[in-house]
Amino acid sequence: MKKRYTPEIVTELADNEVFVFGSTRKGKHLGGAARMAVKRFGAIMGNGFGPQGQSYAIPTIVGDISKMVSYVSDFIQYAKSNPNIQFLVTKIGCGRAKFSEEQVAPLFRDAYFVENIVLPESFCRIIETTLPAELIQSSELDEQSPIEPTIDEKPKVGIKVIGKIDLSQFETAKQKSVRSLDKENIYIIDTNVFVEDPNIISKIDKQYRVALSAKVVDELDRLKITLDEKAKRNVEKALRHINQAMDRRSNLSMELADLTLLPADFSKKSPDNIILSVALKFNTANPIILTSDNGLQVKAKGLGIATISLIDFLKKK
């Protein structure tokens, strides 16, 4: 059977079809495919994620494309659990969100193998460049399990590592400003920090505990196949360093989220909020979120949790 692609313009659907479009987290469906979803396919203003009418919203106005990973993953799982429905994915993220097709398409690599998910032809062509020739759906291909990405065995990214020094003597004014003198200081590291600096754990003095959010590990694992080559190597390196640190560092632990700790106004599906809930578990100590994400910093500060950006953390003065 010839592989089906999502038409460039979708104006009507069969009874067993669903229109998949990009949205804002707040569900402001004002333009492009989102507007079409409201007018024709039952999308609901104010609902920024998931099934609604004969459509499905995936947040794309998220700032950092890594924040789309969990939303796409949730969609793929939803499609698998509804095999009798055909999901027509539009070129989400390539309009108002201003991501390129080369950035977005790899997020749907697993979806390529799901029989009832229909992708734009351009997405498929980009995904196919990452697949072994025998797996490309040129004519017939039975649904297969997602394949493991090929890892670059020869990283060429040069990262400056401080090494095994007592880093506390070099703490900057900003680091000291978020540190407590009478409570346990616990660092929670955001996903974007690992992508920018894979060796970040080694740069946190061993006297400080590191609580690693399970959501961060999950996002890094997914980012292995969605980023450009340089960032992909950084993610692989970060996972390798995390694995080594879990064996060598006694005060490093992986922590599961506790979504009951989130304020009622915060979405429990947001990766940022899931990471934030880990920090809230340690509110009787002094949790410090290390993140370059302004949105996460604002939320954390609003709840009385200290934050520091990677730039400030690494500043010499």
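Worth saying up front: this structure is predicted, and the values here are computed from it rather than measured. (Residues numbered from 1 in each chain as written. Predicted model: local features only at pLDDT ≥ 70, side-chain atom pairs only at ≥ 80, totals over all residues. Heavy atoms only, no water.)

Chemist: How should the pattern of salt bridges be read in this particular structure?
Modeler: Where charged atoms from two side chains of opposite charge approach closely, those side chains can pair. Scanning the entire structure with this criterion turns up 13 salt bridges. The salt bridge involving Glu 128 is made with Arg 125; its shortest N-O contact spans 3.1 Å. Note that Glu 128 and Arg 125 are positioned in helix α4 (residues 121–128) at a spacing of three residues, about one turn of the helix. Taking the relative accessible area as the measure of exposure, Glu 128 reaches 10% and is therefore buried. Of the charged contacts, one joins Lys 281 and Glu 255 as a salt bridge, the two residues approaching to 3.2 Å between their closest N and O atoms. Here Glu 255 lies in strand β8 (residues 252–255) and Lys 281 lies in helix α9 (residues 271–281), a separation of 26 residues in the sequence. On the basis of relative accessible area, Lys 281 is assigned to the partly exposed category, the value being 33%. (Salt bridge = Lys/Arg side-chain N within 4 Å of Asp/Glu carboxyl O. Helix = DSSP H or I, 4+ residues; strand = E, 2+ residues; numbered from the N terminus. Buried < 20%, exposed > 50% of the residue type's maximum accessible area, 1.4 Å probe, protein only.)

Chemist: Sorry, what's going on with the pairing of strand β6 (residues 185–189) here?
Modeler: Every regular strand shows the same layout, with side chains that alternate between the two sheet faces. Burial of β6 is extensive: five of the five residues sit out of reach of the surface. Neither face of β6 is open: one carries Asn 185, Tyr 187 and Ile 189, the other Ile 186 and Ile 188, and all of them are buried. Two elements, β6 and strand β9 (residues 286–290), share five bridges in a ladder whose sense is parallel. The residue bridging Tyr 187 from the neighbouring strand is Ile 288, located in β9. Here β6 runs beside strand β7 (residues 209–213); their pairing, made up of two bridges, is parallel. In the sheet register, Ile 186 faces β7, and the bridge partner there is Arg 209. (Pairing = 2+ DSSP bridges.)

Chemist: Looking at this model, I keep getting lost on the sheet that holds β8. Mind explaining?
Modeler: Pairing between sheet strands relies on hydrogen bonds along the backbone, with the strands arranged either parallel or antiparallel. Taken in spatial order, the five strands line up as β8-β7-β6-β9-β10 in an open sheet, and their pairing is parallel. Strand pairing shows two members of the sheet lacking a second neighbour, β8 and β10 (306–308), which therefore form its edges. Averaged over all adjacent pairs, the angle separating strand axes in this sheet is 30°, with direction ignored. In terms of strand pairing, β9 meets β10 through three bridges, oriented parallel. Pairing of Ile 288 across the sheet is with Ala 306, part of β10. (Axes fitted to C-alpha atoms, helices over the stretch in contact; angles between N-to-C directions.)

Chemist: What should I look at first to understand the sheet that holds strand β5 (residues 117–118) in this one?
Modeler: Strand order in the open sheet made by the five strands is β2-β3-β1-β4-β5, with mixed pairing throughout. Looking along the sheet, the strands with just one partner apiece sit at the ends: β2 (50–52) and β5. Here five bridges tie strand β1 (residues 17–23) to strand β3 (residues 55–59), and the two strands are oriented parallel to one another. Following the sheet pairing, Phe 21 is matched in β3 by Ala 57. Sheet strands in contact with helix α1 (residues 32–40) are β1 and β3, and its direction is about 135° off that of β1. (Contact = heavy atoms within 4.5 Å.)

Chemist: Looking at this structure, I do not really get the confidence of the model for the protein. What am I missing?
Modeler: Close inspection of predicted coordinates is inappropriate in any region flagged by low pLDDT. This prediction gives the protein a mean pLDDT of 83; 84% of its residues lie at or above 70. Ranking the helices and strands of the protein by mean pLDDT puts strand β4 (residues 86–89) first, with 96, and helix α5 (residues 173–178) last, with 66. With pLDDT under 50 throughout, residues 137–170 is counted as low confidence; its partners more than four residues away or in other chains account for 54 contacts. (pLDDT = per-residue confidence, 0-100.)

Chemist: How should the side chain of Thr 6 be read in this particular structure?
Modeler: Note on placement: Thr 6 falls in the segment before β1. Residue classification places Thr 6 among the buried positions, given a relative accessible area of 7%. A distance of 2.8 Å separates a polar side-chain atom of Thr 6 from the backbone oxygen of Val 89. With near-sequence residues (within four places) excluded, Thr 6 lies in contact with Leu 88, Val 89, Thr 90, Val 118, Leu 119 and Pro 120. (Polar contact = N/O pair within 3.5 Å; in protein donor to acceptor, adjacent residues only side chain to side chain.)

Chemist: Would you explain the environment of Leu 107 in this entry?
Modeler: Within the element layout of this structure, Leu 107 appears in the loop between α3 (101–104) and β5. For Leu 107, a relative accessible area of 10% gives the class buried. Sequence spacing of Leu 107 and Ser 66 is 41 residues, and the spatial spacing of their C-alpha atoms is 9.3 Å.

Chemist: Is there a simple way to think about the packing of aromatic side chains in this case?
Modeler: Two measures describe an aromatic ring pair: the distance that separates the ring centres and the angle between the ring planes. In total, this model carries 12 aromatic pairs according to the counting rule given. Measuring from centroid to centroid gives 6.3 Å for Phe 19 and Phe 21, while their planes differ by 20°, and the two rings are stacked. With respect to class, Phe 19 is no different from Phe 21; both count as buried. Between Phe 49 and Tyr 71, the ring centres sit 5.3 Å apart and the planes meet at 55°, which makes this aromatic pair tilted. Placement of Phe 49 in the loop between α1 and β2 and of Tyr 71 in helix α2 (residues 69–80) is noted, with a sequence separation of 22 residues between them. (Phe/Tyr/Trp six-rings, centres within 6.5 Å; stacked < 30°, edge-to-face > 60°.)

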